[in-house]
Amino acid sequence: MADPAPPLRLSVVQLEERLDGFVTEYLKDKSEQTRGTYRRTLNEFERYHAVRAGRPSSRFRFVEADVEAYKAYLMEERELSQVSVSTYLTAIRRFCDYLVARGDLAENPARGVKGNRRPESHSRAVLRADEVEALFEAVPEATLIGRRDRAIMALMVYGGLSEIELVRADVDDLDRTLMGTVIRVQGKGRTSKDARVPLDDSALGPLDVYLQARSAPPSAPLFVSHGHRSEGTRLNTRSVRGRINGHLRSAKLKRRGVSPHSLTHTAALIWLNDGMPVEEVRRRMRHGTLETTMISFRKQGLLTREPETE
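Below you will find a few notes about this structure.

Analysis parameters
- Within each chain, residues carry numbers counting from 1 in the order of the written sequence.
- Given that this is a predicted model, residues contribute local features only at a pLDDT of at least 70 and side-chain atom pairs are listed and counted only at 80 or more, while totals for whole chains, interfaces and linings are drawn from all residues.
- The side-chain quantities take in all heavy atoms of the structure and omit both hydrogens and water.
- Under the scheme used here, helices are H or I runs from DSSP no shorter than 4 residues and strands are E runs no shorter than 2 residues, and both carry numbers assigned from the N terminus.
- Each residue is placed in one exposure class: buried if its accessible area under a 1.4 Å probe, protein chains only, is under 20% of its type's maximum, exposed if it is over 50%, and partly exposed if it falls in between.
- Whether two residues are in contact is decided by their heavy atoms, any of which lying within 4.5 Å being enough.
- In this description, accessible areas are obtained by the Shrake-Rupley approach with a 1.4 Å probe, and a residue is regarded as covered only by the protein chains that are shown.
- Interaxial angles span 0 to 180 degrees and are taken between N-to-C directions of axes, which are lines fitted to C-alpha atoms, for helices over the stretch in contact.
- Orientation categories follow fixed angle ranges, with anything under 35 degrees roughly parallel, anything over 145 roughly antiparallel, 65 to 115 roughly perpendicular, and all other angles oblique.
- What counts as a salt bridge is simple: a side-chain nitrogen of Lys or Arg found within 4 Å of a carboxyl oxygen of Asp or Glu.
- Under the convention adopted here, Pro, Cys and the residues Ala, Val, Leu, Ile, Met, Phe, Trp and Tyr are nonpolar, Asp, Glu, Lys and Arg are charged, and Gly plus all remaining residues are polar.

**Describing the overall build of the chain**
Right, on to step 1. Looking only at helices and strands, the chain has 12 helices and 3 strands in total.
Right, on to step 2. Taking all 310 residues of the chain together, the buried fraction comes to 46%.
Right, on to step 3. Long-range contacts, defined as pairs at least 24 residues apart, comprise 61% of the intrachain contacts of the chain with a sequence gap of at least 6.
Right, on to step 4. Entry remark: accessible area of the chain is about 16,800 Å², with carbon and sulfur atoms responsible for 49%.

So this is what it looks like as structure tokens:
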């Protein structure tokens, strides 16, 4: 009986070569859009692989256990939605098909790793009204970084903005008129700032406090780093996610399902509980269908529910 083939270990350069081959050769009959989607999705795997390539004991070996570990990373560290995790795993599965076709692998190790089912409701938890208050209390107002983080949280929980919309925004995207203030945003998958989101006082107040303390020019990014080495550079989504998660932990609010995205989902519940029409909430949240908004409508009671006891 022949010995089983040793696990496949690819260097960073070797993986990049095979990813290019997968897109240009294996997917050559697919549309340019499909090829681009696969390549962008696999960029995350390429980064994941590169980090582990420098750690001999944890290098990715293209076995089922390693694919399971990648899935856990997507769910727990990247905190991706169930649908996104399934999309990323589909890309890995197809890429491993290519490696099998090349002869690099005897069988596809991703075949046995199942994706997550599409949820019928938002899987991420929302915050209660008292938890929102506790979260803001956990962030100091005396420092510029604290004022920045409070402004970010306010735009999420009272303005419904997402991480990607926040980091893409510039100061001059704020449009102040007699009818109120709106912010032009560029969401995920969009190529321009084609949406205008109204900002109520609860969302705008902490932002004005931050901008006044910072004295930022109109062309500057709305949110920047205030570290010694990176002062003035635009924040990225990873930085925002890390800061919000840190504050959730400080406020003892971090639990299964609670993530920075929870703040954005909470905005819809706050508006609904304040009596805002469902259709207006849909417009503010930029939901594609009313049914998506109705998921929040059916969860309104969560905003003021009593804390669970042990």
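**So, the packing of helix H1 (residues 12-26) against helix H2 (residues 32-53)**
Right, on to step 1. Put simply, H1 and H2 touch, their axes get as near as 10 Å, and they point 170 degrees apart. Considered as vectors, H1 and H2 are oriented roughly antiparallel to each other. Residues Val 12, Leu 15, Glu 16, Leu 19, Asp 20, Phe 22 and Val 23 of H1 lie in contact with H2, whose contacting residues are Arg 35, Tyr 38, Arg 39, Leu 42, Phe 45, Glu 46, His 49, Ala 50 and Ala 53.

**Digging into the pattern of salt bridges**
Right, on to step 1. Evaluation of the coordinates by the stated rule reveals 26 salt bridges.
Right, on to step 2. Residues Arg 102 and Asp 104 are paired through a salt bridge, measuring 2.7 Å at the closest nitrogen-oxygen approach.
Right, on to step 3. A relative accessible area of 43% places Arg 102 in the partly exposed class.
Right, on to step 4. As a salt-bridge pair, Arg 196 and Asp 175 come within 3.1 Å of each other at their nearest N and O atoms. Of this pair, Arg 196 sits in strand S3 (residues 195-199) while Asp 175 sits in strand S1 (residues 174-177); the two residues are 21 residues apart in sequence, bridging distant segments of the chain.

**Quick notes on the packing of H2 against helix H4 (residues 82-102)**
Right, on to step 1. With their axes 9 Å apart at the nearest point, H2 and H4 run at an angle of 95 degrees to one another. Comparing the axis directions of H2 and H4 gives the class roughly perpendicular. Residues Tyr 38, Thr 41, Leu 42, Glu 44 and Phe 45 of H2 touch H4, and the partners they reach there are Thr 87, Tyr 88, Thr 90, Ala 91, Ile 92, Arg 94 and Phe 95.
Right, on to step 2. Grouping the amino acids of the contact of H2 with H4 by side-chain chemistry returns 7 nonpolar, 3 polar and 2 charged.

Read these as geometric descriptors, not functional statements.
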